[in-house]
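# Reading the structure
Chain by chain, the residues:
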Amino acid sequence: MSKLDEMGKKVRKLQLHAAIAKMKLRDLAEDLPRKWTEEVAEETSAVFAELDGAKRELAAMKKLR
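Remember, it's a predicted structure, so these values are computed and weren't measured experimentally. All residue numbers refer to position in the chain's written sequence, counted from 1. Confidence filtering applies because this is a predicted model: local features only for residues at pLDDT of at least 70, side-chain atom pairs given and counted only at 80 or more, and all residues used for totals across whole chains, interfaces and linings. The side-chain figures draw on all heavy atoms in the structure; neither hydrogens nor water molecules are used.

The helix and strand inventory of the protein chain stands at two helices and zero strands. Using C-alpha atoms as the atom set, the radius of gyration is obtained and then compared with a globule rule of 2.2 Å times the number of residues to the power 0.38. Against the compact-globule benchmark of 11 Å for 65 residues, the protein chain has a radius of gyration of 15 Å, which places it well outside the compact range. Based on the C-alpha atoms only, the size of the protein chain along its principal axes is roughly 50 × 15 × 15 Å. The proportion of buried residues among the 65 residues of the protein chain is 25%. In the protein chain, of all internal contacts separated by at least 6 residues, the share reaching a separation of at least 24 is 72%. Carbon and sulfur atoms make up 55% of the accessible area of the protein chain, which amounts to about 5200 Å² in all. Secondary structure elements are defined from DSSP: runs of H or I of at least 4 residues count as helices, runs of E of at least 2 residues count as strands, and each element is numbered from the N terminus. For the exposure calls, accessible area comes from a 1.4 Å probe over protein chains only, and a residue counts as buried if that area is under 20% of its type's maximum, exposed if over 50%, partly exposed in between. We call two residues in contact when some of their heavy atoms are within 4.5 Å. The protein chains shown are the only cover counted for residues, whose accessible areas, like all others here, come from Shrake-Rupley with a 1.4 Å probe.

Shown next, in the form of structure tokens:
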């Protein structure tokens, strides 16, 4: 598997994690009985930051190809 394929796989995996984090954040916004406010916001922010970095790296790899 090439590095480009591996990075594509990583981006898809991170997109799934980002979608899950977004759903948790939405649940929090709807005042569902959860005891995680800052924790969910921090987790969501971290996942989206990692996803953004991976997408940028993938785009750079494709550009060099």
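Here we take up helix α2 (residues 38–64). In an α-helix, one full turn covers 3.6 residues, which means residues spaced three or four apart are oriented alike. Multiplying 1.5 Å by the helix residue count minus one yields the expected span of that helix. Given a rise of 1.5 Å per residue, 27 residues ought to cover 39 Å, and the 39 Å separating the end C-alpha atoms of α2 matches this to within 8%. Listing the buried residues of α2 in full gives Val40, Thr44, Val47, Leu51, Ala54 and Leu58.

A separate point is the packing of helix α1 (residues 3–29) against α2. The angle between two axes is taken between their N-to-C directions and runs from 0 to 180 degrees, where each axis is a line fitted to C-alpha atoms and a helix contributes only its stretch in contact. Following both chains from N to C, one finds α1 and α2 inclined at 155 degrees, their axes separated by 8 Å at the closest point. The pairing of α1 with α2 is recorded here as roughly antiparallel in orientation. In the packing of α1 onto α2, the handedness of the crossing is left-handed. Residue composition of the contact of α1 with α2, grouped by class: 16 nonpolar, four polar and nine charged. Throughout, the term roughly parallel applies to angles under 35 degrees, roughly antiparallel to angles over 145, roughly perpendicular to angles from 65 to 115, and oblique to all others. A crossing counts as left-handed when the near helix is turned anticlockwise from the far one by less than a right angle, and as right-handed when that turn is clockwise. Under the scheme applied, nonpolar residues are Ala, Val, Leu, Ile, Met, Phe, Trp, Tyr, Cys and Pro; charged residues are Asp, Glu, Lys and Arg; polar residues are all the others, including Gly.

For the rest of this paragraph, the subject is the environment of Val40. Counting through the fold element by element, Val40 comes out in helix α2. Sequence-wise, Val40 and Leu58 are 18 residues apart; in three dimensions their C-alpha atoms are separated by 27 Å. When neighbours within four sequence positions are excluded, Val40 is seen to be in contact with Lys24, Leu25 and Leu28.

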